[in-house]
Amino acid sequence: MNGSRIAAVGHYQPAKVLTNEDLAGLVDTSDEWIRSRVGIRTRHIAGPDEPVDELAAHAAAKALAAAGLAPADIDLVLVATSTAVDRSPNMAARVAARLGMPQPATMDLNVVCAGFTHALATADHAVRAGGASRALVIGADKMSEVTDWSDRSTCVLVGDGAGAAVVEAAEESGIGPVLWGSVPEMGNAVRIEGTPSRFAQEGQSVYRWATTQLPPIARRACERAGLEPADLAGVVLHQANLRIIEPLAEKIGAVNAVVARDVTESGNTSAASIPLAFSKLVEQGAVSTGDPVLLFGFGGNLSYAGQVVRCP
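Residues numbered from 1 in each chain as written. Predicted model: local features only at pLDDT ≥ 70, side-chain atom pairs only at ≥ 80, totals over all residues. Heavy atoms only, no water.

Visitor: So what exactly am I meant to see when it comes to the packing of helix α3 (residues 52–67) against helix α4 (residues 91–99) here?
Guide: The packing of two helices is summarised by the inter-axis angle and the distance between the axes. Remark: α3 packs on α4, axes separated minimally by 9 Å, with the N-to-C direction vectors making an angle of 55°. Relative to α4, α3 is oriented oblique. Remark: the crossing between α3 and α4 carries right-handed chirality. Counted together, Val-52, Asp-53, Glu-54, Ala-56, Ala-57, Ala-60, Ala-61 and Leu-64 of α3 and Met-91, Arg-94, Val-95, Arg-98 and Leu-99 of α4 form the full contact between these two elements. Of the residues assigned to the contact of α3 with α4, the class counts are 9 nonpolar, no polar and 4 charged. (Axes fitted to C-alpha atoms, helices over the stretch in contact; angles between N-to-C directions. Helix = DSSP H or I, 4+ residues; strand = E, 2+ residues; numbered from the N terminus. Parallel < 35°, antiparallel > 145°, perpendicular 65-115°, else oblique. Left-handed = near helix turned anticlockwise from the far one by under 90°. Contact = heavy atoms within 4.5 Å. Nonpolar A, V, L, I, M, F, W, Y, C, P; charged D, E, K, R; others polar.)

Visitor: It is not clear to me how helix α8 (residues 214–224) should be interpreted in this structure. Could you clarify?
Guide: Quick reminder: α-helices carry 3.6 residues per turn. Residues three or four places apart thus point the same way. All of the buried residues in α8 are Leu-214, Pro-215, Ile-217, Ala-218, Ala-221 and Cys-222. Along α8, the residues classed as buried sweep out an arc of 165° about the axis, all on the same side. Check the buried side of α8 and you find it contacts β8 (179–182), α7 (203–212), α9 (242–252), β13 (292–299) and β14 (303–310). Looking one or two residues past α8, Gly-226 carries a phi angle of roughly 75°, positive in sign. (Buried < 20%, exposed > 50% of the residue type's maximum accessible area, 1.4 Å probe, protein only. Arc of directions from axis to C-beta.)

Visitor: Looking at this structure, how should I read the pattern of salt bridges?
Guide: Pairing of side chains with opposite charge becomes possible as their charged atoms draw close. Going through the model one piece at a time under the given rule, you end up with 12 salt bridges. For the salt bridge of Arg-5 with Glu-168, the shortest nitrogen-to-oxygen distance reads 2.5 Å. With a gap of 163 residues between them, Arg-5 in strand β1 (residues 3–12) and Glu-168 in strand β7 (residues 160–170) connect regions that are remote in the sequence. The partner of Arg-98 in a salt bridge is Asp-53, and the shortest N-O contact between them spans 2.6 Å. On the criterion of sequence distance, the pair formed by Arg-98 in helix α4 and Asp-53 in helix α3 is long-range, its members being 45 residues apart. Judged by relative accessible area, which is 44%, Arg-98 ranks as partly exposed. When salt bridges with common partners are traced through the structure, they connect Arg-5, Arg-134 and Glu-168 into a single cluster. (Salt bridge = Lys/Arg side-chain N within 4 Å of Asp/Glu carboxyl O.)

Structure (structure tokens):
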């Protein structure tokens, strides 16, 4: 075995749905204002008794069930999150405990909105190098907990949720080479900082960067997988804002691909957004087993990471 593949995916969202009309009762906004600027209709919000690791564990359990595996079959757990409240135990260890895993390696990665694709690359490298046989890769965030609900520029964007993927060794690689990097001097354009921690961003700077600088980078991720953008069956970008997703997808040139637009019903769920949207595409049958799909995360730290994967 000298490759790795995604064996299965799963996702989870809290039951509470917050509509644009609900938000109009909290801040000076409207359904039309929100839809026209970010394309979001609804978002799911976790309750005070639903911590990040619980969201992550639900998504992970679904991915394991879809793969036909038991928790004991996993020897590496990676959780991408930027909304963990406690420093230790980390989210990965808490997920492992919730699922009853005997002795996996457990690590958290904080690359904000690009966290899942960074974690997926890390799992791919670990499995191909022989450091793990099966890895559970999770993106989970509770953005509602770091949001100022009186700030209409940010509160209309966010949602909570989790998505997960099981990565296992394979004879032929189903996870393409990652293309990753960052723009450190612009890192303050997206922030979760302060006491209490609060999410803030420079929306116009992020929009310009995403729609002008990222298309050629995403195309290079396809080149590393030996594909043209037109060969893609699906494109799953970080679900930041429909006004970023649509022009970015168009500039990539994936003319034959299904483009994930889960942001309309889930909002921006940060590290959860890509696995959440990808899992829904698979569940809905919008992409088929073996189809090439570009996963491309970007955002906090002005980091990015993307790779072409084959659908489970």
